[in-house]
Amino acid sequence: MEKPQYRGTLHCFQSIVKQESVLGLYKGLGSPLTGLTFINALVFGVQGNTLRALGHDSPLNQFLAGAAAGAIQCVICCPMELAKTRLQLQDASPTRTYRGSLDCLAQIYRHEGLRGVNRGMVSTLLRETPSFGVYFLTYDVLTRALCCEPGDRLLVPKLLLAGGTSGIMSWLSTYPMDVVKSRLQADGLRGAPRYRGIVDCMRQSYRAEGWRVFTRGLASTLLRAFPVNAATFATVTVVLSYARGEEAGPCRRARLCPPPRGPRWLSPPACDPMAVPWRIAPRRPEAQTLG
Ligand SMILES: NC(=[NH2+])NCCC[C@H](N)C(=O)O
């Protein structure tokens, strides 16, 4: 912290490419590549079912359902980010400590047990629970405001805009805790551990660098957050709508046909606004497919 290695996002990007080639930008990729499939499946499944369990669709319930999903997915997210953080920070030398994500978690488990694999769990919960509430609430508000409806020619661009903005707002909402979580998960990688916990990490960081320390890396996080979450929400929305459309068909048929068996969030009636974790207004009779 006393002698920052990078002057900012662009300098960091240039330094990595110069020292480790473009491949240096993909260090630690295995961990999120493996974990995010399960994390996103868990997030959208838990959010949709929690929203229905809460009984009615309201901004508060959108937030609460998102927060529940954010908390539960920490079970995977925390160890996944621990491995990613350590692999991203380790030197690219032949004598590097970890050979990959699984080797990283296996070594941590051998040396520190389950507690070590879940290092940073509390800070991850403090970051993810409110941020996922903001994530889904923002998406709900924006898709309503943009009148996202099946058959709308601009549906996908609207979903991309709403999803990307939701990602930005969610990361802004708890970003300081992300800085703390990253420091706790990296602690001890180069020398003796220096933090005794979340509060101590916040206190030491603030004393060393002032309040700006809690915005470090924010630019690169936001640069990444928009496209990642635009793609996530648009893909989930379009894939679920086709999956649902094959089962329930247009809204008027859904009312005439008995509701499909199995978990309703998977193949709910097309016009059931409570059925999925995202907002699509009931089909208009003339709208046959999503635009
Ligand atoms: N910490 C958060 N802001 N979580 C909500 C967004 C999560 C999303 N999967 C992303 O990586 O951007």
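Residues numbered from 1 in each chain as written. Predicted model: local features only at pLDDT ≥ 70, side-chain atom pairs only at ≥ 80, totals over all residues. Heavy atoms only, no water.

Under an unreviewed UniProt entry, the protein chain has the name Mitochondrial basic amino acids transporter and belongs to Pteropus alecto. Under the UniProt heading Subcellular location (unreviewed entry), the entry covering the protein chain gives this text: "Mitochondrion inner membrane". The annotation that UniProt attaches to the protein chain under Sequence similarities (unreviewed entry) is "Belongs to the mitochondrial carrier (TC 2.A.29) family." (UniProt positions renumbered as here; feature names shortened; annotations may be inferred.)

### Some remarks on the UniProt feature "repeat: Solcar" (unreviewed entry) in the protein chain
When the UniProt feature table is mapped onto this chain, "repeat: Solcar" (unreviewed entry) is found at residues 1-53, 57-145 and 152-242. Secondary structure content for residues 57-145 is 81% helix and 0% strand, while the C-alpha to C-alpha distance between its ends is 16 Å. With 76% helix and 0% strand, residues 152-242 has its two end C-alpha atoms placed 15 Å apart. (Helix = DSSP H or I, 4+ residues; strand = E, 2+ residues; numbered from the N terminus.)

### A look at a nonpolar patch on the surface
Together, Leu-10, Phe-13, Val-22, Leu-25, Tyr-26, Leu-29 and Leu-33 make up a nonpolar patch on the protein surface, roughly 700 Å² of accessible area in all. Note on placement: Val-22 falls in the loop between helix H1 (9-20) and helix H2 (30-53). For Val-22, a relative accessible area of 48% corresponds to the partly exposed category. (Patch = residues over 30% accessible without salt bridge, like charges linked within 9 Å, V, L, I, M, F, W, Y side chains within 5 Å. Areas by Shrake-Rupley, 256 points an atom, 1.4 Å probe, with all protein chains shown as cover. Salt bridge = Lys/Arg side-chain N within 4 Å of Asp/Glu carboxyl O. Buried < 20%, exposed > 50% of the residue type's maximum accessible area, 1.4 Å probe, protein only.)

### A few points about the packing of aromatic side chains
Counted by the stated rule, this structure contains 7 aromatic pairs. The interplanar angle of 45 degrees and the centroid separation of 4.8 Å between the aromatic rings of Tyr-135 and Phe-233 together place this pair among those described as tilted. Placement of Tyr-135 in helix H6 (residues 121-145) and of Phe-233 in helix H9 (residues 218-248) is noted, with a sequence separation of 98 residues between them. A single burial state applies to Tyr-135 and to Phe-233, both of which are buried. Considering the side-chain rings of Phe-136 and Phe-233, the 5.6 Å spacing of their centres and the 80 degrees angle between planes classify their relative orientation as edge-to-face. One end of the pair, Phe-136, is in helix H6; the other, Phe-233, is in helix H9, and 97 residues separate them in sequence. The residues Phe-136 and Phe-233 share a single accessibility class, namely buried. Of the aromatic side chains, those joined through ring pairs into one cluster are Phe-44, Phe-132, Tyr-135, Phe-136, Tyr-139 and Phe-233. (Phe/Tyr/Trp six-rings, centres within 6.5 Å; stacked < 30°, edge-to-face > 60°.)

### Describing helix H8 (residues 198-209)
Side chains three or four residues apart in an α-helix point the same way, a direct result of the helix having 3.6 residues per turn. With 12 residues, H8 ought to run about 16 Å at 1.5 Å a step, and its terminal C-alpha atoms sit 16 Å apart, in line with that. Where the residues of H8 are buried, they touch H6 and helix H7 (155-186). (Expected span 1.5 Å × (residues − 1). Contact = heavy atoms within 4.5 Å.)

### A closer look at the pattern of salt bridges
Overall, the coordinates contain 13 salt bridges when judged by the stated rule. Two residues, Glu-209 and Arg-183, come together in a salt bridge whose shortest N-O distance is 3.1 Å. Of this pair, Glu-209 sits in helix H8 while Arg-183 sits in helix H7, and the two are 26 residues apart along the sequence. On the accessibility criterion, Arg-183 (15% relative accessible area) is buried. Via salt bridges that share partners, Glu-81, Arg-127, Glu-128, Asp-178 and Lys-181 belong to a single interconnected network.

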